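# Breakdown of the fold
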Amino acid sequence: MAPKSNKLKEKKTSETKKKGGSSGNKNNSAGKKTKSVKKSSTGLLRDPRLHRSVGFILLVLGVYLFLAITTYIINWFAADVGNQVINSAENYKDHTETVSNWTGWLGSFLAGIFVYNGIGIGSYTVSFFLIASGLKLLINVRLFSLWRWFELLIISFVWIPVTFSLIFSQHPENILGGLTGYQLKIWLQAYLGNAGLILLIILIPVIFSLFDFNFQFKRKERKPVSDKDKVPKSPKTNIEKEELYNTVEFAVDEQESDELIINKPENGTGNNYKIEEEKNLGEKLEDIEDIGNSETDDPDDVELTIEAPKPVEETEKLPEPGEHFGVDTEFDPTLELADYKLPPFDLLKDYDINNVLVTKEELEINKNRIVETLKQYSIAIVKIKATIGPTVTLYEVVPAPGIRIAKIKNLEDDIALSLSAIGIRIIAPIPGKGTVGIEVPNQNPNIVSMKSILTSEKFRNNKFDLPFGIGKTISNESFVVDLAKMPHLLMAGATGQGKSVGLNAIIASLLYKKHPAELKFILVDPKKVELNLYSRIERHYLAKLPDSEEAIITDTRKVVRTLNSLSIEMDNRYELLKDAQVRNIKEYNAKFIARKLNPLHGHRYLPYLVLVIDEFADLIMTAGKEVEAPVTRLAQLARAIGIHLIIATQRPSVNIITGTIKANFPARIAFRVITKIDSRTILDTGGADQLVGRGDMLFSTGSDVIRLQCAFIDTPEVEKLTSFIGAQRAYPDALHLPEFKDEESEQKTEYDPQERDELFEDAALIIVQTQQGSTSLLQRKLKLGYNRAGRIIDQLEAAGIVGPFEGSKAREVKVGSEMALEQFLKDLNSNDTGLE
């Protein structure tokens, strides 16, 4: 037989060699079939239809067993078997048939096993477990956490059977504890005794209560509360609590394709993302299962995690604005206005729109459209996380492995088209998160009130030198920053996009935080109508030139003088810092308050100076280099001595915001602009052209760009604020800046009739006729050289016919008509004759 077997082997090998490549192909095809079978089997196990079917079966079984156990217990004594002792299987069978049941013989049989032979009424846990498992597979509702299930099992399988068996110890057949509970009670009594068993029954619920409710057995010493510390609490207002946002997760599981399932803390309630206040903020949110499949064929299979708002705990009571500034043993800069009160929050309007009006249907529709659009370009998505903000919702996309981020970035316009929305902005990737962000505007944007920012914990508890709140982030957190650390701020945006409101928000924030002795504003308003409301607080918070009548600067000539005066103040302050041997204003003031600097040597308390310019483009157009040079110098050097600049403009073009200015303004705010070029001019990146307007803005500090919704403060609110401050006792006058003398005025020579040009009167007549005091005009009309025409203009200025030099503007003509000029020249000649 051996030779035969060898021949057979050789034959087989020869046949295999003859087939050669065909056999290899078959093996490959077989391997492919095996892989396809594995894929199909894996797909079958992950099929949501299978999950729903199994879930529905478990749900029906749980309800069936619940009815069987309930009717079994109800009809137990009605069957007249409650006093019979059943010890054999036959008696048990007769007993089971005797007890009537709504679920028939099978239900009675199962109930007898679980209730009578099992753990009594604790067997309800089995039906609850089947129902919970069915709901989890069917609609992805998770009833209890793992810890809750552990507690339920211990109570049902141990505590309830033993307790009821101990109470009804004379009736071992009693179904409340079951035969298993009866046997367990006997076993525990043998080892622990009756006293130990009773202590164990008490110990189990006490241990669980300590874990669940976190009781603390500490004696609290009550301190006597003075009347000053008793502050009435306003019910459910934003004054004592801030709308911080915790993570409440919502998931679209792969088993769930039609509904959006909400998972939230057990003791929290919610309706369309409007989450009521929770008692226990330390409760952790339940985990959402990952779909685990990197490739998705259906948008409904993509997991969606949503961050929704949740009110937070009451903050610790701070001293309310309005309390008096007390006197210290050290030097107190506020002593002159010691009775000054900071404005109360009631002056501001609460728009009472605290809940983000974004429905789950809107989120689900946007999610599906994003997934479908990306799918059209072969971009698979694993997970989407949505963060709801007041104006936009951020969808954080986790692409499948191997997907290029630039590919998603290039689909910005396609996603905007599919969502039928403006203001779509893609952040690829989000710094520090490893995800791609897609910002989609909400259909119903929320108004962020200035009151909600100022009453927030971030604003009230910060230790910044110059804190201001500008708005809220996408996650609805109050955004508060320190102007002293910026140190200057540049704002730009098209007309009507919120620049002036943003300036009012910054000024209001500082007015709510600083005493008049600690802060002064220099307000420049070329439009003459935006900042005029602050003239009421001139003697409290404003600074001006000594010879200026109005503190709000609207004239271009005064702006140039004010900027140069600030430069002189900067130099003077640096001299003080040098003498005090300190490096910045904070160290200097601390030394002065500690009385380590002598006022007789010129030292004084230095308040912060904030220069606010509402329309910078107009100043550049009219004065040019005369404005740009001092602004650049202040931006470069003024940080250390407490002078900070806030500049706003409508035209963020390169000739307005030059490279020199941008280099010294690292903090920038961009409201909506028209073109991408304007966005790059202000932020050095795109994005501002894709904002939705009405306070939607981007805040850049050089490293990253944050999208914010600017807080809204209306004109009546500003009027109430300034009226409250203006009604209090003030300083005698506004803070006077150093006097600045124009070089032009110093170079003026007095009028000398002996040196008057022979064409003086002809030149005066031409200027009065044309009403233009221009040197070039005299050159053309009188055919003169520039030097002679300039001398005649100087003589006309000295005589009082034309005004002083105004930069690129023509000089002002002070004589209105030819008749007035004729009389003026007669008086001038008669005075000259008298002088001779």
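Bear in mind the structure is a predicted one, so any value in this text is a computation, not a measurement.

Let us look at the overall build of the chain. Helix and strand counts for the chain come out as 27 helices and 20 strands. Looking at the chain as a whole, 47% of its 836 residues qualify as buried. By sequence separation, contacts in the chain at least 24 residues apart represent 69% of the contacts at least 6 residues apart. Entry remark: accessible area of the chain is about 43,800 Å², with carbon and sulfur atoms responsible for 54%.

With that settled, consider the pattern of salt bridges. Scanning all chains against the criterion turns up 24 salt bridges. The residue Lys 458 makes a salt bridge to Glu 477 at a minimum N-O spacing of 3.4 Å. Here Lys 458 is found in helix 13 (residues 457-460), whereas its partner Glu 477 is found in the loop between strand 10 (467-473) and strand 11 (478-482), with 19 residues between them in sequence. Note on Glu 477: relative accessible area 26%, which makes it partly exposed. In this structure, Lys 662 and Asp 684 form a salt bridge, with 2.8 Å as the shortest nitrogen-oxygen distance. Taken together, the residues Lys 662 in helix 20 (residues 659-663) and Asp 684 in the loop between helix 21 (676-683) and strand 18 (696-700) connect sequence positions 22 residues apart. Classification of Lys 662 as buried rests on a relative accessible area of 14%. One salt-bridge network, held together by shared partners, links Arg 425, Glu 439, Asp 696 and Arg 707.

This paragraph deals with the nonpolar core. Of all hydrophobic cores here, the largest spans 111 residues; its most connected members are Leu 489 and Phe 521. The residues touching Phe 521, leaving out its near neighbours within four places in the chain, are Ile 507, Leu 510, Leu 511, Tyr 541, Leu 542, Ala 543, Val 610 and Val 612.

At a closest axis distance of 10 Å, the pairing of helix 6 (residues 124-139) and helix 7 (residues 146-167) adopts a crossing angle of 155°. Classified by the interaxial angle, the pair formed by helix 6 and helix 7 is roughly antiparallel. For the pair helix 6 and helix 7, the contacting residues are Thr 125, Phe 128, Phe 129 and Ala 132 in the first and Trp 149, Leu 152, Leu 153, Ser 156 and Phe 157 in the second. Across the contact of helix 6 with helix 7, the residue classes break down as seven nonpolar, two polar and no charged.

What follows is about unusual backbone geometry. With an omega dihedral of 0°, the bond running from Met 486 to Pro 487 counts as a cis peptide bond. Here Pro 487 lies in the loop between strand 11 and strand 12 (489-492). In this structure, Gln 581 is a non-glycine residue whose phi angle is positive, near 60°. Its location among the elements puts Gln 581 in the loop between helix 16 (556-580) and helix 17 (585-593). A positive phi angle is found at Lys 783, which is not glycine, with a value near 55°. Note on placement: Lys 783 falls in the loop between helix 25 (775-782) and helix 26 (786-799). Assessed through its relative accessible area of 76%, Lys 783 is described here as exposed.

This part is about the sheet that holds strand 15 (residues 608-613). Across the sheet, which stays open at both edges, the nine strands sit in the order 11-10-19-18-17-12-16-15-13 with mixed pairing between neighbours. The outermost strands of the open sheet, each flanked by one partner alone, are strand 11 and strand 13 (519-524). Within the sheet, the average angular offset between the axes of one strand and its neighbour, ignoring direction, is 30°. With four bridges joining them, strand 12 and strand 16 (residues 643-649) adopt parallel strand pairing. For Leu 490, the partnering residue across the bridge sits in strand 16 and is Ile 647. Packed on one face of the sheet, helix 14 (residues 499-513) meets strand 10, strand 12, strand 13, strand 15, strand 16 and strand 19 (705-710) and runs near 130° to strand 10.

The next point concerns helix 16. Over its 25 residues, helix 16 runs 36 Å from end to end, which matches the ideal 36 Å to within 8%, given 1.5 Å per residue. Just beyond helix 16, the residue with positive phi is Gln 581, at close to 60°.

Turning our eyes to something else, we now look at the packing of helix 24 (residues 760-770) against helix 25. Here helix 24 crosses helix 25 at 115°, and the two axes come no closer than 10 Å. You can see that helix 24 and helix 25 cross each other, and the crossing is right-handed. Side by side, helix 24 and helix 25 meet where Asp 762, Ala 763, Ile 766, Ile 767 and Thr 770 of the first sit next to Leu 777, Leu 778, Lys 781 and Leu 782 of the second.

With that settled, the discussion passes to the packing of aromatic side chains. In this structure the tally under the stated criterion is eight aromatic pairs. Geometrically, the ring pair formed by Trp 187 and Tyr 191 is tilted, given 5.1 Å between the ring centres and 55° between the ring planes. Here the residue Trp 187 and the residue Tyr 191 both occupy positions in helix 8 (residues 178-213), the gap between them amounting to four residues, near one helical turn. Overall, the relative accessible area of 61% leaves Tyr 191 in the exposed class. Ring centres of Tyr 340 and Tyr 541 lie 6.3 Å apart, and the angle between their planes is 70°; on these two criteria the pair is classed as edge-to-face. In this pair, Tyr 340 is assigned in the loop between strand 5 (303-307) and helix 9 (360-376) and Tyr 541 in helix 15 (residues 538-541), connecting sequence segments 201 residues apart. You'll find Tyr 340 and Tyr 541 in the same group, each marked buried. Taken together, the ring pairs in this structure connect Phe 66, Tyr 124 and Phe 128 into an aromatic cluster. Note that Lys 513 overlies the ring of Phe 459, its terminal NZ or CZ placed 5.2 Å from the centroid.

What follows deals with a nonpolar patch on the surface. Side chains of Trp 147, Phe 150, Ile 198, Leu 199, Ile 202, Leu 203, Val 206, Ile 207, Leu 210 and Phe 211 sit close together on the surface and give an oily, nonpolar patch of about 930 Å² of accessible area. Among the secondary structure elements, those contributing two or more residues to the nonpolar patch are helix 7 and helix 8. Per-element accounting of the nonpolar patch gives the leading share, eight residues, to helix 8. Mapped onto the secondary structure, Phe 211 falls in helix 8. Using a relative accessible area of 59% as the deciding quantity, one classes Phe 211 as exposed.

Bringing the confidence of the model for the chain into the picture now. When pLDDT is averaged across the chain, the result is 75; 73% of the residues are at 70 or more. With pLDDT under 50 throughout, residues 1-30 is counted as low confidence; its partners more than four residues away or in other chains account for zero contacts. Under a pLDDT of 50 for its full length, residues 32-39 has, in the predicted model, zero contacts with residues more than four places off or in other chains.

Of all six residues making up strand 9 (residues 436-441), six are buried, and the element is well covered by its neighbours. Side chains Val 436, Ile 438 and Val 440 project from strand 9 onto one buried face, and the interleaved Gly 437, Glu 439 and Pro 441 project onto a second face that is buried too. Alignment of strand 7 (residues 392-399) against strand 9, held across six bridges, turns out to be antiparallel. Counted as the bridge partner of Thr 393 is Val 440 from strand 9. Here strand 8 (residues 425-427) runs beside strand 9; their pairing, made up of three bridges, is antiparallel. Each residue of the ladder has a partner; that of Ile 426, found in strand 9, is Ile 438.

Calculation rules
Residues numbered from 1 in each chain as written. Predicted model: local features only at pLDDT ≥ 70, side-chain atom pairs only at ≥ 80, totals over all residues. Heavy atoms only, no water. Helix = DSSP H or I, 4+ residues; strand = E, 2+ residues; numbered from the N terminus. Buried < 20%, exposed > 50% of the residue type's maximum accessible area, 1.4 Å probe, protein only. Contact = heavy atoms within 4.5 Å. Areas by Shrake-Rupley, 256 points an atom, 1.4 Å probe, with all protein chains shown as cover. Salt bridge = Lys/Arg side-chain N within 4 Å of Asp/Glu carboxyl O. Core = buried A, V, L, I, M, F, W, Y, C linked by side-chain atoms within 4.5 Å. Axes fitted to C-alpha atoms, helices over the stretch in contact; angles between N-to-C directions. Parallel < 35°, antiparallel > 145°, perpendicular 65-115°, else oblique. Nonpolar A, V, L, I, M, F, W, Y, C, P; charged D, E, K, R; others polar. Pairing = 2+ DSSP bridges. Expected span 1.5 Å × (residues − 1). Left-handed = near helix turned anticlockwise from the far one by under 90°. Phe/Tyr/Trp six-rings, centres within 6.5 Å; stacked < 30°, edge-to-face > 60°. Lys NZ or Arg CZ within 6 Å of the ring centre and 35° of its normal. Patch = residues over 30% accessible without salt bridge, like charges linked within 9 Å, V, L, I, M, F, W, Y side chains within 5 Å. pLDDT = per-residue confidence, 0-100.

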